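Spelled out, the chains give:
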Amino acid sequence: MPEAVSGGCLCGAVRFRVTPPTLFCAHCHCSMCRKSHGAAFVTWFGIPRERLAFESGEDALVVHRSSEHGTRSFCGRCGSSLFCESARHPDTVDVVLASLDGPLDRAPALHVYFDSRADWTDVRDELPRLGGASGTEPLPGLAPEPRPGVCVGHVFLTAPDVEKTGAFFAALGMRELERTPEFALYELRGGTHLLLFPGATADPGASAPFDLMVDDLDAAHARFAAAGLAPGPIDAARTPHHRSFTLAAPSGHAVLVQSSHVSGKPV
Ligand SMILES: [Zn+2]
Ligand SMILES: [Zn+2]
């Protein structure tokens, strides 16, 4: 028997539990969901009616008939939107995922009514995007843009003090996977790994064999300055299309940090 998951409204008047398996889980971008929740979109899951049980407050629910075939229910005390029901599928109740206290048996798998989305909504996941009159039809030309299938695998640097140089790159925002005096490994966005090995100090003025890009150059500059990394002045003319500054790594290398210059598509 699967574990039941409890849920409820903000004020606690309405409490219920659902017993998986659920039927689906999707992000809905329709204008009614957006208005009634005051949100960019609403994540619903469907559950067979007999798998939804109230623990308290069923009488506190206010049922709003929002269309000819459907109702939306919310807590009459705190206004939390909780359920949507439709005469088109009378055996199923749609439940607001965010009302649950614990994890569901599935993750959101779709965007529905995607062609009705708010134009300020920026969706970057790779889930299917459906729409049209039913909200669940394929939308030609609106398939998610896949990320490129390859990234740079590894970049290398040598340093007289691997651990100290590693700490420097961690302070820049790389994810530390391993750090010993003989070897250190850092993960960058997109999956590239930086490998550090022991070696001589770089020649004066030598650049690192890679540069770094950040989303917000000014914010990165301020963050690195606050962390005591002494970034150089921001330069708008060093390389085309980028503003940039340099940092002195403990290995002796100058590390160039540039403003992001990507296509705007997922990377
Ligand atoms: Zn409530
Ligand atoms: Zn909707």
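Keep in mind that what you see is a predicted model, and the values were worked out from it rather than measured.

Enquirer: Honestly, the coordination of the zinc ion (ligand 1) in this entry has me stumped. Any pointers?
Expert: Reference geometry at the metal: tetrahedral coordination by four donors gives ideal angles of 109.5 degrees; octahedral coordination by six donors gives 90 or 180 degrees. Taken together, the protein donors to the zinc ion (ligand 1) comprise Cys9 (SG), Cys11 (SG), Cys75 (SG) and Cys78 (SG), at separations of 2.3 Å. Taken together, the four donor atoms surrounding the zinc ion (ligand 1) define angles of 106 to 112 degrees at the centre, an arrangement classified as tetrahedral. Each donor residue of the zinc ion (ligand 1) belongs to the same chain, and together they define the spacing C-x1-C-x63-C-x2-C. One end of the pair, Cys11, is in the loop between β1 (5-8) and β2 (15-18); the other, Cys78, is in the loop between β7 (70-75) and β8 (81-86), with 67 residues separating them in the sequence.

Enquirer: I'm lost on the pairing of strand β20 (residues 254-259) in this one. Help?
Expert: Consecutive side chains of a regular strand alternate in pointing toward one face of the sheet and then the other. Of all six residues in β20, five are buried, a share of seventy percent or more. The pairing of strand β17 (residues 212-214) with β20 spans three bridges and is classified as parallel. Within the sheet, the bridge partner assigned to Leu212 lies in β20 and is Val257. Relative to β20, strand β19 (residues 242-248) runs antiparallel, the two being bridged by five bridges. Among the inter-strand pairings, Ala248 is bridged to a residue of β20, identified as Ala254. As consecutive antiparallel partners, β19 and β20 are separated by five residues, and within that stretch Gly252 has a phi angle of approximately 100 degrees, a positive value.

Enquirer: Would you mind going over the sheet that holds β8 with me for this structure?
Expert: Within the open sheet, the seven strands sit side by side as β6-β7-β8-β9-β4-β3-β10. Their pairing is mixed. A strand with exactly one partner marks an edge of an open sheet, and here the two such strands are β6 (61-65) and β10 (110-112). With strand direction ignored, the average angle separating the axes of adjacent strands in the sheet is 30 degrees.

What counts as what
- Throughout, a residue's number is its position along its own chain's written sequence, starting from 1.
- To label them, take the chains in the order written and letter them from A, then take the ligands in the order written and number them from 1.
- Thresholds applied to this predicted model are a pLDDT of at least 70 for local features of residues and 80 or more for the giving and counting of side-chain atom pairs; totals over whole chains, interfaces and linings are not thresholded and use all residues.
- Hydrogens are left out, water is left out, and the side-chain values use all remaining heavy atoms of the structure.
- Note that water is not among the atoms used; donors are N, O and S atoms within 2.8 Å of the metal (3.2 Å for Na, K and Ca), so sites may look incomplete.
- For a four-donor site, all angles between 85 and 135 degrees give tetrahedral; for four or six donors, opposite pairs above 155 degrees with the remaining angles between 65 and 115 give square planar or octahedral; all remaining cases count as irregular.
- Numbered from the N terminus, helices here are DSSP runs of H or I no shorter than four residues, and strands are runs of E no shorter than two.
- Only protein chains enter the accessibility calculation, which uses a 1.4 Å probe; a residue is then buried when its area is under 20% of its type maximum, exposed when over 50%, and partly exposed in between.
- Strands were regarded as paired on the criterion that DSSP finds at least two bridges between them.
- Geometry is summarised by axes, namely lines fitted to C-alpha atoms with helices restricted to the contacting stretch, and by angles between N-to-C directions that run from 0 to 180 degrees.

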